[in-house]
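Residues per chain, in single letters:
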Amino acid sequence: MDNRTYAQLLAETADLLEIDSGDAFRIRSYRRAAEAIDSCTIQLSEIASDPKRLQEIPGIGKGMAANIRDMEQTGTLPLREELLKKYRPSMLQLMRLPGMGPKTVAFLWEAIQVASIDDLEAAIAAEKLDDLPRFGKKQIEKLRKGIEEYKKNSGRFLIDDAEEAAEKLMAYLRALPGLDVIEPAGSLRRGRETVGDLDILVTGPACAADKVDAAVEYTVKYPPAIDLLAKGQNKVSFRLRSGLQVDVRLLPEDSYGAALQYFTGSKMHNVTLRQRALKKGYTLSEYSLARIDDGSVVASRTEQDIYGALGIDWIAPELRENNGEIEAAEAHTLPRLVELKDIRGDVHMHTTKTDGRNTIEEMAEAAIARGYEYMAITDHSKNLAMTFGLNDEEALAHAARIRQAEAELGGRIRIFAGIEVDILSDGALDLADETLAQMDVVIASVHSLFNMTEDEMTARMLRAIENPYVKILGHPTGRLLLRREGYRLNLPAVVRRAAELGVAVEHNAYPDRLDLCDRDLRMAKEMGCKVIINTDSHHTSHLEKMRYGVEQLRRAWLEKADVLNTLPAMEFLSALRKPA
DNA sequence: GCCGTTTTCGGCCCGACTGTTTTCAGTCG
C-alpha cells in the first residue's frame, strides 16, 4: 500500500466521523495524520509494523500507529468499516458539493435517506426538500446548481490556466484608481500544481472603509464573471465560465500583510502558526497579530512583520505546508530555494524532425531569448513510430545536423545533441548502444504501458537505467500516463538505484505533465539523486513554462545545488553520468 | 486521537458569510 492510499483512508474516516458528529478533535487528528502521511517521504509500508518509527512522524501517535498497522494488514481500518455500516461511501462525494457539510449530509440521510449526489438530484426534482426545515428556496437552488457544476467539472485547475485567469482579473482591477496592490494568494501563490479556486487580494486607498463599497461594485461587474456567489463588505466571490471560482478580497492597507499571510495558507501552516502565536500571548487573524490581554496590534502591515514578531524568519509561500518549515524558520535554517533565474539550460526539446512544431534554429532562438546558455535537442527514437521517431542512422544524422546548427549560431548558445530513447516492455532500449555513445544527452522514457503490474513497471525502469549510456531517466513517474491509465511504479526503488548509478531523474515543468510532485522531489534529494528540470518542449512557447516546474522544486525545498541544469554548460555535461 | 517550559490530563485556531433564524447553526477558507 502506498502513502497516498493510507492518507485517503484516514481522510475518508475523518469525513465519516464528521457525518457521525464525532469528537471534533478526534476528527482533526485523523485529518492531521492523513496530511502528514501524504507529505511524508518515507514509504509507510516499510515501517508499518514498527510503531516506534511511525510515532516519530508528527501527528502519528499510538492510536494512529495501530491504525496504520491495521491498514497494512487488512487494507482498511476497523473504525472506517464500522462507520460504513452506518453510512454510505457515496456520502463522501456528497460533501464535495458547495454548501453541503457533514451536518447537512447526516440530516438528509436521517430525514429522507439521501445518500448520494444522484439521490439528492432526484429528491430535489421530486420536491422532497421543500418541506424540510432550513431548506428555503435559495438553499435548494444552490444545491441544484452545485450538482450541475460538479457533474460538469469536478476537479482542480492546472496552475497555468488559473494564473492566466488571475492575470486577466488583476488587469481589470488595476484599472480602478486607488487599487494599488493586487496579488494572488492561496494555492496559486504557493505554487501548487493545481488550484482549486482563485484568491485575489487587493488593497489601496479605494479599499478604505468609506470607499470600499464602490470598489466592491466595480469588482462585481467583472465581465467574465457568470455567477455571483457571495458579496460582502470586503469580499466578492464569483465563478468564471471555465468553472473556476474566484474570491476577491478588498482589504484595508494596514492589515494587508496579515490578510496575505492568512489567505496564502496552507491551512495547516496557519493552524500551526496560530498555535505558536497563542503560546507567545498573541492571537493571529486575517487582520492582525495582536496581544491577547489588551488586544493591541503587534504586526499587520507586512508578512515580514508578522513572522518577525513571532520570532521566526519569513517563509517562502512554496514552503508553507507545515512540513517543518516553521521549525526551520525558528532555527534560521530555511533553505535558499532555487530560483527560475538559476536555470541555465533546458535539455529536453523536440523539433519538426519528430513531433515538435519548430525547427532546431527556432528552438535555439527561443532559448536564447529566455537567456539560456545551453539546450539539448532530444527528438524521439524509432519505437515512437507515430511521431516519426528516428532509427539509429537517422538519429546520428540528426545529431550531425544539430551540431551544424550550433556552429552556424556562432556561439550564441551551446546546443547539445541528444535523443529521447524509448524504454521497451522488457526494459531494453530501442536504439543501439553505439548510437547512444555518440550523444551528449540520452534521456530514457516510458511511453507505453502494456498493462503492466507495479512490479513489472519497476523492473522495466530498473533495467533501462542500467544501460551505461542513459544519463537521464525521463518523466520517471509518467504522471501523464498515470492519470490516464492507472500507471503504478515503485518510485523509491527506481530513484534509489538511479542515485547509485549517477543517473539523473527528470522533472518536467510543463503544467499538464509535471512529473514528480514535491514529495517525490524531496525524496530524490534525500536519496542523493541528481535532479534535472526540463520542459519537454514541443513548441517554442513551451519554454515559457519552466517557472511552474521551478515552483515544484521550491516546494520540495530544493536549492540551486540540488538541480543539475543550474550548472554552466561544461560543468553540466561533466556532471552527467559517464559510461564505465 | 495527539501532545507536553501549564507533560499523563485537559487542552486543542479564527472570523465572515449565508440563509432563514427572530438569535444562530452550518459552512467555508
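Residues numbered from 1 in each chain as written. Chains lettered and ligands numbered in written order. Predicted model: local features only at pLDDT ≥ 70, side-chain atom pairs only at ≥ 80, totals over all residues. Heavy atoms only, no water.

**Quick notes on the overall build of chain A**
Alright, step 1. When its secondary structure is counted, chain A shows 26 helices and 17 strands.
Alright, step 2. Relative to the compact-globule value of 25 Å for 580 residues, chain A shows a C-alpha radius of gyration of 26 Å, a close match.
Alright, step 3. Within chain A, the proportion of its 580 residues that are buried is 53%.
Alright, step 4. Carbon and sulfur atoms make up 49% of the accessible area of chain A, which totals about 25900 Å². (Helix = DSSP H or I, 4+ residues; strand = E, 2+ residues; numbered from the N terminus. Rg over C-alpha atoms; globule rule 2.2 N^0.38 Å. Buried < 20%, exposed > 50% of the residue type's maximum accessible area, 1.4 Å probe, protein only. Areas by Shrake-Rupley, 256 points an atom, 1.4 Å probe, with all protein chains shown as cover.)

**Some details on the protein's contact with DNA strand B**
Alright, step 1. For DNA strand B, the set of nearby residues contains 44 residues, the closest of which are Arg28, Thr104, Gly136, Tyr262 and Arg274.
Alright, step 2. Of what DNA strand B places within 4 Å of the protein, 70% of the atoms are sugar or phosphate.
Alright, step 3. Gly61 is positioned with one of its backbone polar atoms (N or O) 2.7 Å from a phosphate oxygen of DNA strand B.
Alright, step 4. Within the contact set of DNA strand B, a phosphate oxygen lies 3.2 Å away from a backbone nitrogen or oxygen of Gly63.
Alright, step 5. If you list the elements that add at least two residues to the surface near DNA strand B, you get α2 (24–38), α5 (62–74), α8 (102–112), α10 (137–152), β5 (225–231), α15 (267–279) and β8 (282–284).
Alright, step 6. For the surface near DNA strand B, the class distribution of residues is 16 nonpolar, 15 polar and 13 charged. (Near = heavy atom within 4 Å. Polar contact = N/O pair within 3.5 Å; in protein donor to acceptor, adjacent residues only side chain to side chain. Nonpolar A, V, L, I, M, F, W, Y, C, P; charged D, E, K, R; others polar.)

**Considerations on the packing of aromatic side chains**
Alright, step 1. Scanning the model with the defined rule gives eight aromatic pairs in all.
Alright, step 2. Where Tyr172 meets Tyr222, the ring centres are 4.9 Å apart and the plane angle is 55°; that geometry is what we call tilted. Taken together, the positions of Tyr172 in helix α11 (residues 159–174) and Tyr222 in the loop between α13 (212–220) and β5 put the pair 50 residues apart, joining distant regions of the chain.
Alright, step 3. With a relative accessible area of 18%, Tyr172 lands in the buried category.
Alright, step 4. Look at Tyr222 and you get buried, because its relative accessible area is 7%.
Alright, step 5. Put simply, the rings of Tyr172, Tyr218, Tyr222 and Phe238 pair up and form one aromatic cluster.
Alright, step 6. Over the aromatic face of Trp557 sits the side chain of Arg522, whose NZ or CZ is 4.3 Å from the ring centroid.
Alright, step 7. Seen from the ring of Tyr548, Arg547 lies directly overhead, with NZ or CZ sitting 5.3 Å from the centre. (Phe/Tyr/Trp six-rings, centres within 6.5 Å; stacked < 30°, edge-to-face > 60°. Lys NZ or Arg CZ within 6 Å of the ring centre and 35° of its normal.)

**A few points about the state of the cysteines**
Alright, step 1. A complete count under the given rule lists zero disulfides for this structure.
Alright, step 2. Sulfur of Cys40: no disulfide; nearest cysteine sulfur belongs to Cys517 and is 12 Å away.
Alright, step 3. Under the relative-accessibility criterion, Cys40 is labelled buried at 9%. (Disulfide = S-S within 2.5 Å.)

**Brief notes about unusual backbone geometry**
Alright, step 1. The step from Gly265 to Ser266 runs through a cis peptide bond, and the omega angle for that step is -5°.
Alright, step 2. Summarising the element assignment, Ser266 is placed in the loop between α14 (256–264) and α15.
Alright, step 3. Its identity as a non-glycine residue notwithstanding, Ser21 has a phi of 45°, on the positive side.
Alright, step 4. Structurally, Ser21 is set in the loop between α1 (3–19) and α2.
Alright, step 5. For Asn322, which is not a glycine, the phi torsion comes out positive at approximately 60°.
Alright, step 6. Along the chain, Asn322 turns up in the loop between α16 (303–309) and α17 (325–330).
Alright, step 7. Take Asn322: its relative accessible area is 22%, and that puts it in the partly exposed class.

**Overview of the domain arrangement of chain A**
Alright, step 1. Each assigned domain of chain A is listed here: domain 1 (3–153), domain 2 (157–251), domain 3 (258–330) and domain 4 (340–575).
Alright, step 2. A straight line from the C-alpha centre of domain 2 to that of domain 4 covers 37 Å.
Alright, step 3. Facing the eight residues of domain 2 at the interface are eleven residues of domain 4.
Alright, step 4. Considering only the side of domain 2, the residues that lose the most area to domain 4 are Asp160, Glu163 and Glu193, jointly responsible for 52% of the buried surface there.
Alright, step 5. The interface formed by domain 2 and domain 4 holds two salt bridges in total.
Alright, step 6. Where Lys545 meets Asp160, a salt bridge forms, and the shortest distance between an N and an O atom there is 3.1 Å.
Alright, step 7. Of all the elements, α11 adds the most residues to the side of domain 2 that touches domain 4, at three residues.
Alright, step 8. Partitioning the side of domain 2 that touches domain 4 into residue classes produces two nonpolar, one polar and five charged. (Domains from an automatic or database assignment. Contact = heavy atoms within 4.5 Å. Buried area = accessible area lost by both parts, 1.4 Å probe. Salt bridge = Lys/Arg side-chain N within 4 Å of Asp/Glu carboxyl O.)

**Description of the sheet that holds strand β4 (residues 197–203)**
Sheet strands associate in pairs through backbone hydrogen bonding, adopting either a parallel or an antiparallel arrangement.
Alright, step 1. As summarised here, the arrangement of the five strands in space is β2-β4-β7-β6-β5, forming an open sheet in which the pairing is mixed. The open sheet terminates on both sides in strands that have one partner only, identified here as β2 (181–184) and β5. Put simply, the sheet's adjacent strands are angled 20° from each other on average, direction ignored.
Alright, step 2. Sheet topology places β4 next to strand β7 (residues 245–251); seven bridges connect them, and they run parallel. Within β7, the residue paired with Val202 across the bridge is Leu250.
Alright, step 3. Its contacts with the sheet place α13 against β5, β6 (235–240) and β7, and it is angled at close to 165° to β7.
Alright, step 4. Together, β2, β4 and β7 form the strand contacts of α14, whose direction differs from that of β4 by roughly 175°. (Pairing = 2+ DSSP bridges. Axes fitted to C-alpha atoms, helices over the stretch in contact; angles between N-to-C directions.)

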